[in-house]
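Listed here are the chains, written in short residue letters.
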Amino acid sequence: MPSLGWIIGTVVVLVIVAVLMFLLGILYRKKVSEREISSAEEEARRIINESIKSAESKKREALLEAKEEIHRSRTEYEREVKERRADLQKQERRLQQKEENLDKKMDNFERKTENLSRKIAEVESQQEEIKTIKKSQLEMLERISGYTVEEAKAYLISTIEAEVTHEMAVKVKEIEARYKEEADNHARELISIAIQRCAADHASEITVSVVPLPNDEMKGRIIGREGRNIRSIETLTGCDLIIDDTPEAITVSSFDPVRREIARMALEKLIADGRIHPARIEEMVAKAQREVNATIKAEGERAVFETNVQGLHPDLIKLIGRQKYRTSYGQNVLNHSMEVAHIAGLLASELGVDVATAKRAGLLHDLGKSVDHEVEGSHVTIGVDIARKYKESEEVIHAIHAHHGDVEPHTIIACIVQAADAISAARPGARRENIENYVKRLEKLEEVSKSFPGIESTYAIQAGREIRVMVKPDEVGEDQMVLLARDIAKKIEEELTYPGQIKVHVLRETKAIEYAK
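Model, not experiment: these values are computed from the prediction.

K.L.:
Summarise the sheet that holds strand 2 (residues 240-242); cite the residues concerned and give the values.
P.N.:
Taking strand neighbours across the sheet as the criterion, the three strands line up as 1-3-2 in an open arrangement whose pairing is antiparallel. The strands lining the two open edges of the sheet, one partner per strand, are strand 1 (208-212) and strand 2. Averaged over neighbouring strand pairs, the angle between their axes works out to 25 degrees when direction is ignored. In this structure, strand 1 lies alongside strand 3 (residues 249-253), joined through five bridges in antiparallel fashion. The partner of V210 across the bridge, within strand 3, is T251. Sitting on the sheet, helix 5 (residues 257-273) is in contact with strand 1, strand 2 and strand 3, with an inclination near 5 degrees to strand 1.

Encoded structure:
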């Protein structure tokens, strides 16, 4: 076995060898690194030198380009300066020419001004001469004619006025004849067709209803003990019961036609039943109210069905049905509205416009009369508000608004409804008015017609459908009669309200009187 000393020596030798090898490796790597660093430094110095050379070359190129650009700019600037100088020289030459021309024009103007002043002076002198000559001529004419200037003017004006009046009257006659020839026949044909094809019944009703009684004893039972029954009836219905000396009859009075109808029906039921006391009265009034409401709805549906108007709001149908119990000058408003709808539809079909819209507007034109006793305002305004509330078309609303001339009609439908309303109201027997209103209307017609100068007397005839006007023959000539008739008709249209039309008949009577001796 090797000894311990030999092992230790071997280990020491190995360690020394390892250390020497490590030191040799370090020295080798140091030399390699030094060589690489030196080569890198040389490469860096080479790159830097090349960069410096490249930068200098680019700098020289940039300087050359800048010099060339400056040269080009300078050349262009010099060229522009030359052009502007040339333009300025041209403008200076033009200005000099204009100054010369202006001087020449000023000289011409001064010469013309002098000539004008001279001519004005000559004209003024001539005018003075003309005035002198005119004055002498007027004096001579006055001596020859025997008229002064004012008298001659008045004579000429009166002569020209007479000629113009005659020509105007002749022209009016020609225009009227031409338009009547073209329009009268067609209008009469349309209206007659509409009237002939629509024949409606008319009912005359007023603000009271008469309830017949089986005997006069029933009056006491209706009045009741200390008047409790009649008070109950009046309170529940809102109507006045008039019990007078009329045998076997009681009068129900109210401006509300629906309430009056409810009261009438309730009284008839109470009389038929025989049991009359406050509880029974309340029961019968409620029953009558239900029946009247059902009738109103049925009548509204009947009117809509007969006129074939589609798409109406249910509330509008009820309002139309209420017109069954409303009258105007004795004419039932529901029948009148249906008749206007039919006539409007017929006229629309003849004229080639929308028949459905015309019928709708005709049926709704008096809508406000259904509630005019409950709402403030005229039935036209109320009807417009109701139609607008239920989303009716503007064409229908305008027709309602214009059917009495409250606004000027600007659609064909509005004109048709206005004409149909007048036809229905003017139909013989359609309406009636009390004697007091009738007399007042005739008196007003005569008063309006007599308000013109030169009228001797006026007479309303044909129930106010014609006014005959007698003129003074010495004040109104034949030519003036035509214009007078038109003026009277225009004033009647402006101041009076009437159905249909009024014929203005102007008469002039000339008498020649002589005595044989």
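K.L.:
Lay out the packing of aromatic side chains in plain terms, naming residues and giving numbers.
P.N.:
Applying the stated rule across the entire model yields zero aromatic pairs. In this structure, K324 packs its charged tip against the face of Y325, placed 6.0 Å from the ring centre. Cation over ring: K491 sits above F452, and NZ or CZ is 5.4 Å from the ring centre.

K.L.:
Report on the packing of helix 5 against helix 6 (residues 278-307), specifying residues and quantitative values.
P.N.:
Between two packed helices, what matters for the description is the angle formed by their axes and the separation of those axes. Orientation of helix 5 relative to helix 6, taken along the N-to-C sense of each, is 130 degrees, at an axis distance of 8 Å. When the axes of helix 5 and helix 6 are compared, the pair comes out oblique. When you trace helix 5 past helix 6, the crossing you get is right-handed. Counting all contacts with helix 5, which are made through V258, E261, I262, M265, A266, K269, L270 and D273, the residues of helix 6 involved are R280, I281, M284, V285, K287, A288, Q289, E291, V292 and I296. A per-class count over the contact of helix 5 with helix 6 returns 11 nonpolar, one polar and six charged.

K.L.:
Tell me what's going on with helix 4 (residues 228-237), and back it up with residues and numbers.
P.N.:
Along helix 4, the positions that sit buried rather than exposed are N229, I230, S232, I233 and T237. The buried residues of helix 4 occupy an angular sector of 160 degrees when the element is viewed end-on, so they sit on one face. Elements that come into contact with the buried residues of helix 4 comprise helix 3 (217-223), strand 2, helix 5 and helix 6. Of the residues flanking the end of helix 4, it is G238, one or two places downstream, whose phi is positive at about 75 degrees.

K.L.:
With reference to specific residues and values, describe the confidence of the model for the protein chain.
P.N.:
Residues shown with low pLDDT carry predicted positions that ought not to be read at fine detail. Summary statistics for the protein chain give a mean pLDDT of 81 and a share of 88% for residues scoring 70 or more. Confidence drops under pLDDT 50 across residues 196-205; counting only partners more than four residues distant or on other chains, this segment forms 24 contacts.

K.L.:
Outline the packing of helix 6 against helix 7 (residues 314-322), supporting the account with residue identities and numerical values.
P.N.:
Relative to each other, helix 6 and helix 7 sit at 100 degrees, their axes nearing to 7 Å. The angle between helix 6 and helix 7 falls in the class roughly perpendicular. Between helix 6, through I296, K297, E299, G300, E301, A303 and V304, and helix 7, the contact on the second element is made entirely by I317, K318, I320, G321 and R322. Grouping the amino acids of the contact of helix 6 with helix 7 by side-chain chemistry returns five nonpolar, two polar and five charged.

K.L.:
Break down a negative patch on the surface for me, citing the residues and quoting the values.
P.N.:
Taken together, E99, E100, D103, D107, E110 and E114 make up a surface patch of like negative charges. You can see E99 is positioned in helix 1 (residues 4-145). The exposure class assigned to E99 is exposed, which follows from its relative accessible area of 52%.

K.L.:
Lay out the pairing of strand 7 (residues 466-471) with the relevant residues and their values.
P.N.:
In the sheet, strand 6 (residues 455-461) pairs with strand 7 via six bridges, with the strands oriented antiparallel. Bridge pairing links A460 to I467 in strand 7. Here strand 7 pairs with strand 8 (residues 503-508) via six bridges, running parallel. Considered in strand 8, the bridge of M470 is made with L507.

K.L.:
Go over the environment of K444, please, and point to the residues and values.
P.N.:
Position of K444 among the secondary structure elements: in helix 13 (residues 435-449). Separated by 16 residues in sequence, K444 and A460 have C-alpha atoms that sit 9.7 Å apart. If sequence neighbours within four positions are ignored, K444 has contacts with E495 and L496.

K.L.:
An account of the side chain of R326 is needed here, citing residue identities and associated values.
P.N.:
You can see R326 is positioned in the loop between helix 7 and strand 4 (327-328). In terms of polar contacts, R326 uses its side chain to reach the backbone carbonyl oxygen of K369, at 3.2 Å. In contact with R326, other than residues within four places in its own chain, are P257, Q331, N332, V333, K369 and D372.

K.L.:
Just give me the short version of the sheet that holds strand 8, but keep the residues and values in it.
P.N.:
Spatially, three strands are ordered 6-7-8 in an open sheet, and the strand pairing comes out mixed. Edge positions in the sheet fall to strand 6 and strand 8, since each has one partner strand and no second. Across the sheet, the mean angle separating the axes of adjacent strands is 20 degrees when strand polarity is ignored. Sheet strands touched by helix 14 (residues 478-495): strand 6, strand 7 and strand 8. Its angle to strand 8, the strand with the most contacts, is close to 150 degrees.

K.L.:
Talk me through the nonpolar core; I want residue IDs and the actual numbers.
P.N.:
Core analysis: the largest hydrophobic core is formed by 38 residues, its most contacted members being L312, L316, I320, L363, L364, L367 and I386. Elements that contribute at least two residues to this core include exactly helix 6, helix 7, helix 8 (333-351), helix 9 (355-364), helix 10 (379-389), helix 11 (394-402) and helix 12 (412-426). For this core, the element with the most residues is helix 8, which contributes eight residues. Apart from residues no more than four positions distant in its own chain, L363 is found in contact with A303, V304, T307, V309, L312, I320, S337, M338 and A341. Counting residues in hydrophobic clusters, the runner-up holds 26 residues, among them V252, I262, I276 and V285.

K.L.:
Go over a positive patch on the surface, please, and point to the residues and values.
P.N.:
Taken together, the side chains of K90, R93, R94 and K98 define a basic patch exposed on the protein surface. For R93, the location among the structural elements is in helix 1. Under the relative-accessibility criterion, R93 is labelled partly exposed at 45%.

K.L.:
So what's going on with the pattern of salt bridges? Which residues, and what values?
P.N.:
If charged atoms from side chains of opposite charge come close, those side chains can pair. Taken as a whole and assessed by the stated rule, the structure comprises 15 salt bridges. Salt-bridge contacts for E306 lead to R302; the nearest nitrogen and oxygen are separated by 3.1 Å. One end of the pair, E306, and the other, R302, are both in helix 6, four residues apart, so they sit about a helical turn from each other. Judged by its relative accessible area of 39%, E306 is partly exposed. Overall, the relative accessible area of 29% leaves R302 in the partly exposed class. Its salt-bridge partner being K369, residue D366 comes within 3.6 Å of it at the nearest N-O pair. K369 carries the same exposure label as D366, and that label is buried. Overlapping salt bridges bring together D273, R275, R280 and E283 as one network.

Procedures and definitions
- Residues numbered from 1 in each chain as written.
- Predicted model: local features only at pLDDT ≥ 70, side-chain atom pairs only at ≥ 80, totals over all residues.
- Heavy atoms only, no water.
- Pairing = 2+ DSSP bridges.
- Helix = DSSP H or I, 4+ residues; strand = E, 2+ residues; numbered from the N terminus.
- Axes fitted to C-alpha atoms, helices over the stretch in contact; angles between N-to-C directions.
- Contact = heavy atoms within 4.5 Å.
- Phe/Tyr/Trp six-rings, centres within 6.5 Å; stacked < 30°, edge-to-face > 60°.
- Lys NZ or Arg CZ within 6 Å of the ring centre and 35° of its normal.
- Parallel < 35°, antiparallel > 145°, perpendicular 65-115°, else oblique.
- Left-handed = near helix turned anticlockwise from the far one by under 90°.
- Nonpolar A, V, L, I, M, F, W, Y, C, P; charged D, E, K, R; others polar.
- Buried < 20%, exposed > 50% of the residue type's maximum accessible area, 1.4 Å probe, protein only.
- Arc of directions from axis to C-beta.
- pLDDT = per-residue confidence, 0-100.
- Patch = residues over 30% accessible without salt bridge, like charges linked within 9 Å, V, L, I, M, F, W, Y side chains within 5 Å.
- Areas by Shrake-Rupley, 256 points an atom, 1.4 Å probe, with all protein chains shown as cover.
- Salt bridge = Lys/Arg side-chain N within 4 Å of Asp/Glu carboxyl O.
- Lys, Arg positive; Asp, Glu negative; His and termini not counted.
- Charge placed at Lys NZ, Arg CZ, Asp CG, Glu CD.
- Polar contact = N/O pair within 3.5 Å; in protein donor to acceptor, adjacent residues only side chain to side chain.
- Core = buried A, V, L, I, M, F, W, Y, C linked by side-chain atoms within 4.5 Å.

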